[in-house]
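Okay, here's what each chain looks like letter by letter:
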Amino acid sequence: MDDLNATLKQLVAQALEYPPQSNERRQTLYRIYQQVTRSGKLWCDRQPYYNDALQEMWEYCCHHLEDYDPTVKQVITWLDDELKRRLSRYRYAQQRSATKHVQDVEGGSTTLPPLAERLPAPPDAQASLAIWQQTLEWVQTDPDHRLRKLCFRKRPEGNCQRLCQRRLPPEATWGEIAAELELNAAEAKDLPKWYCRRCIPILREFGVAQGFLDTVKKSQPRRTP
């Protein structure tokens, strides 16, 4: 356990050396995730909302890595505390929902619960992170060079590979990307549209090929008058 704690603290310190949106920090965060998951030391229970709370915890901690203080607690303890905090919120919300349901039944109300409570739970956190990692690795390697060849306004520094890297979670804002590329106002406005039109279809093709997404629907041919 001491070796694990030392390794995790070292990885956190290493991640903090990189800019928040950099690929280096993302890769180091994924190494932290792998170490924690393989250790089996993270708090676990059988509540149906556990995976939701777990995913929220990872998202929060990855975005707030600067909040971790190695002089106060171990990394696993920090993650556990955040996870338990979210579990408590889900438990409280579930209790409130159950109480409200009883009150509605007793009062003769047949109102459906809020839409958010009827939506399916988000995908398992481990599966989501695995998909993210595979997609990131594919974007970085760009085996057929499609991404790096496709450039916004003939700007090599604004190619699809870089844009995809910056827009994968935790994504940079379009304003940040426009500032990095030194775009003018008109170019900054057009960049997100170009990305959706030219880069997203390539990402979607990869997702379909890997089984992450359903088969892309072909557009219907136009009818001749």
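Reference entry: report on the structure contained in this document. Since the model is a prediction, treat every value here as computed from it, not as a measurement. (Residues numbered from 1 in each chain as written. Predicted model: local features only at pLDDT ≥ 70, side-chain atom pairs only at ≥ 80, totals over all residues. Heavy atoms only, no water.)

## As for the environment of Arg162
Among the secondary structure elements, Arg162 is positioned in helix H8 (residues 160–167). Take Arg162: its relative accessible area is 29%, and that puts it in the partly exposed class. Sequence separation of Arg162 and Ile177 is 15 residues, and the distance between their C-alpha atoms is 9.7 Å. Ignoring sequence-local partners within four residues, the contact set of Arg162 consists of Glu157, Glu180 and Leu181. Within the local environment of Arg162, its side chain forms a polar contact with the backbone oxygen of Glu157, the two atoms lying 3.2 Å apart. (Helix = DSSP H or I, 4+ residues; strand = E, 2+ residues; numbered from the N terminus. Buried < 20%, exposed > 50% of the residue type's maximum accessible area, 1.4 Å probe, protein only. Contact = heavy atoms within 4.5 Å. Polar contact = N/O pair within 3.5 Å; in protein donor to acceptor, adjacent residues only side chain to side chain.)

## What about the pattern of salt bridges?
Going through the model one piece at a time under the given rule, you end up with 12 salt bridges. Notably, a salt bridge pairs Glu82 with Arg86, separated by 2.9 Å at the nearest N-O pair. Of this pair, Glu82 and Arg86 both sit in helix H4 (residues 75–106), four residues apart, roughly one helical turn. The residues Glu82 and Arg86 share a single accessibility class, namely buried. Bridged by salt links that share partners, the residues Arg153, Arg155, Glu157, Glu187 and Asp190 form one connected network. (Salt bridge = Lys/Arg side-chain N within 4 Å of Asp/Glu carboxyl O.)

## Remarks on the environment of Lys189
For Lys189, the location among the structural elements is in helix H10 (residues 185–210). Remark: the alpha-carbon pair of Lys189 and Gly175, spanning 14 residues in sequence, is separated by 9.3 Å.

## Quick word on the state of the cysteines
For the coordinates displayed, the defined rule picks out one disulfide. Linked covalently through their sulfurs, Cys160 and Cys199 form a disulfide whose S-S length is 2.0 Å. The sign of the -85° torsion about the S-S bond sets the Cys160-Cys199 disulfide as left-handed. With a gap of 39 residues between them, Cys160 in helix H8 and Cys199 in helix H10 connect regions that are remote in the sequence. Residue Cys160 is classed as buried on the basis of its relative accessible area, which comes to 0%. Residue class for Cys199 comes out buried when judged on its relative accessible area of 0%. Cys160 supplies the cysteine sulfur nearest to Cys151, a cysteine that is in no disulfide, at a spacing of 8.1 Å. (Disulfide = S-S within 2.5 Å.)

## Side note on the packing of aromatic side chains
Pairs of aromatic rings are described using the distance from one ring centre to the other and the angle between the two planes. Enumeration over the complete set of coordinates arrives at seven aromatic pairs. Geometrically, the ring pair formed by Trp138 and Phe206 is stacked, given 4.4 Å between the ring centres and 15° between the ring planes. Of this pair, Trp138 sits in helix H6 (residues 125–141) while Phe206 is found in helix H10, placing the two residues 68 residues apart along the sequence. With respect to class, Trp138 is no different from Phe206; both count as buried. Aromatic side chains Phe152 and Trp194 sit 5.6 Å apart centroid to centroid with 65° between the ring planes, which places their arrangement in the edge-to-face category. Of this pair, Phe152 sits in strand S1 (residues 151–152) while Trp194 sits in helix H10; the two residues are 42 residues apart in sequence, bridging distant segments of the chain. On the basis of relative accessible area, Trp194 is assigned to the buried category, the value being 7%. (Phe/Tyr/Trp six-rings, centres within 6.5 Å; stacked < 30°, edge-to-face > 60°.)

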